[in-house]
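Now for the letters of each chain:
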Amino acid sequence: MQAWRVYENGEPGAVMRREEVGPPVPGDGQVLLRVRAANVNFPDALLCRGQYQVRPPLPFTPGVEVCAETEDGRRVVTTVALPHGGFAEYTLADAAGLLPAPEALDDAEAAALHIGYQTGWFGLHRRAALQEGETLLVHAAAGGVGSAAVQLGKAAGATVIGVVGGPEKAAAARALGCDLVIDRRAEDVVATVKAATGGRGADVVYDPVGGEAYQQSAKCVAFEGRIVIVGFASGTVPAPALNHALVKNYSLLGLHWGLYAAKDPASIGRCHEALTAYAAQGIVKPLIGERVPFAAAADAVQRVADGTTTGRLVVLPEGSRA
């Protein structure tokens, strides 16, 4: 089969190699899946760089989430069992982690519904307890993770402010339903948020970026607001001033979605049921920036690593029409 493999750590465009390999062999509790679509996530870039919290043995195949087909013909979404990732014709996954692909979504959309939307659901509802009528500020609102949070925030009845970089991403964020879009390259994020909220600030901030975005968040979060720390796509891990959190009465909430699979696996299934219902009603629909041919997978991961993409990039196997 064809697979993209990483033999040494580095930038995805430099270290991902396409080659012919044998199909992976399932271990105990695992199943072999034929990949129908593999979503590109920022963790795929971190895996290539050797900077992710999980470090599979070399060589490995990146691609952490897929829409795939079981040997008995079921269409499913799942995270993969590394080192046998999704940028290949076949992958492995834990049988217990398979979830039915939503019928309302095509393969590329289904692949993109899983990690980003689950992260948004747990972040906004379980961690931040977002309430109807509150103001939600989403950084990188036109990206794969941010776009999911925008849609879920609107579904919860929040007023959503999206922060983006550039006019193209601003247009995408408006199309997603943001009530206000701030172009961080042309506007003062903190001043604009405060003006839009009458000086109160955002009740909940969803931050997959870190760095300067976190500093802005701390300056414009409301009294008893909640900042959900999802990741550090900027490459800079901030050092929060805890005295500032004390005097301003806001909360810092970490979110590592993968822990729920280990600590509360039943919650993953319940979340998927809710997301599937949302998809069936048209409340959420993953923003697919590009359906990428298999031959261009390394370039796609590199572009996500560089932060130049809008929505999700999804890698499709040869001959796919997803």
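Since the structure is predicted, the reported quantities are computational estimates derived from the model, not experimental observations.

1. Quick word on the pairing of strand S12 (residues 221–229)
Now for step 1: In terms of strand pairing, strand S11 (residues 202–207) meets S12 through five bridges, oriented parallel. Opposite Val204, over in S12, you have Arg226 as the bridge partner.
Now for step 2: Taken together, S11, helix H8 (residues 212–220) and S12 form a β-α-β motif whose crossover is right-handed.
Now for step 3: When S12 meets strand S13 (residues 251–254), the two strands line up parallel, connected through four bridges. Along S13, the bridge assignment pairs Ile227 with Leu252.

2. Focus on the sheet that holds S12
Now for step 1: Strand order in the open sheet formed by six strands is S10-S9-S8-S11-S12-S13, with parallel pairing between adjacent strands. Single-partner strands in this sheet number two, and they are strand S10 (180–183) and S13. The average angle at which neighbouring strand axes cross in this sheet is 20°, direction not considered.
Now for step 2: In the packing of helix H5 (residues 144–155) onto the sheet, contacts are made with strand S8 (135–139), strand S9 (159–164) and S11, and the angle to S8 comes to roughly 170°.

3. A closer look at the packing of helix H2 (residues 42–49) against helix H12 (residues 297–306)
Now for step 1: Orientation of H2 relative to H12, taken along the N-to-C sense of each, is 100°, at an axis distance of 8 Å. Looking at the two axes, H2 sits roughly perpendicular to H12. Facing Phe42, Asp44, Ala45 and Arg49 of H2, the residues of H12 in contact are Val301, Val304 and Ala305.
Now for step 2: Its residues assigned to classes, the contact of H2 with H12 shows five nonpolar, no polar and two charged.

4. Points about the packing of aromatic side chains
Now for step 1: Scanning the model with the defined rule gives three aromatic pairs in all.
Now for step 2: Both rings, one in Trp4 and one in Phe294, keep their centres 6.4 Å apart while their planes meet at 50°; by these two values the pair is tilted. On the criterion of sequence distance, the pair formed by Trp4 in strand S1 (residues 2–6) and Phe294 in the loop between strand S14 (288–293) and H12 is long-range, its members being 290 residues apart. As far as burial versus exposure is concerned, Trp4 and Phe294 are alike and both buried.
Now for step 3: Ring geometry for Trp121 versus Tyr278: centroids 6.1 Å apart, planes at 70°, classification edge-to-face.

5. A word on the pattern of salt bridges
Now for step 1: Tallying each qualifying case throughout the model produces 17 salt bridges.
Now for step 2: A salt bridge links Glu69 to Arg34, with the nearest nitrogen and oxygen atoms 2.7 Å apart. Of this pair, Glu69 sits in strand S4 (residues 65–69) while Arg34 is found in strand S3 (residues 30–39), placing the two residues 35 residues apart along the sequence.
Now for step 3: Classification of Arg34 as partly exposed rests on a relative accessible area of 35%.
Now for step 4: Measuring nitrogen to oxygen at the nearest pair gives 2.9 Å for the salt bridge that ties Arg36 to Glu69. Within this pair, whereas Arg36 is found in strand S3, its partner Glu69 is found in strand S4, the two being separated by 33 residues in sequence.
Now for step 5: Judged by its relative accessible area of 22%, Arg36 falls in the partly exposed class.
Now for step 6: In this structure, a network of salt bridges that share partners links the residues Arg34, Arg36, Glu69, Arg75 and Asp107.

Here is what the cut-offs are and how they apply
- Counting restarts for each chain: residues are numbered from 1 in the order of the written sequence.
- Totals for whole chains, interfaces and linings use all residues, but because this is a predicted model, local features are given only for residues with pLDDT of at least 70 and pairs of side-chain atoms are given and counted only at 80 or more.
- Based on all heavy atoms of the structure, the side-chain values leave hydrogens and waters out of the count.
- When DSSP finds two or more bridges between two strands, those strands count as paired.
- Think of it this way: any DSSP run of H or I at least four residues long counts as a helix, any run of E at least two long counts as a strand, and we number them from the N terminus.
- When the strands point away from the viewer and the connection leading from the first strand across the helix to the second strand turns clockwise, the crossover is called right-handed.
- Between the N-to-C directions of two axes lies an angle of 0 to 180 degrees, each axis being a line fitted to C-alpha atoms and, for a helix, fitted only over the stretch in contact.
- In what follows, residue pairs with any heavy atoms lying within 4.5 Å of each other are defined as contacts.
- Any angle that falls under 35 degrees is termed roughly parallel, while one over 145 is termed roughly antiparallel, one within 65 to 115 roughly perpendicular, and all others oblique.
- As a working rule, the residues Ala, Val, Leu, Ile, Met, Phe, Trp, Tyr, Cys and Pro are called nonpolar, Asp, Glu, Lys and Arg charged, and the rest polar, with Gly in that last group.
- Note on ring pairs: Phe, Tyr and Trp rings are taken, using the six-membered ring of Trp, and paired if centres are within 6.5 Å. Classes follow the plane angle, with under 30 degrees stacked, over 60 edge-to-face and the rest tilted.
- Buried, partly exposed and exposed residues are distinguished by accessible area as a fraction of the type maximum, computed with a 1.4 Å probe on protein chains only: under 20%, between the cut-offs, and over 50%, respectively.
- Only one rule defines a salt bridge in this text: a Lys or Arg side-chain nitrogen within 4 Å of an Asp or Glu carboxyl oxygen.

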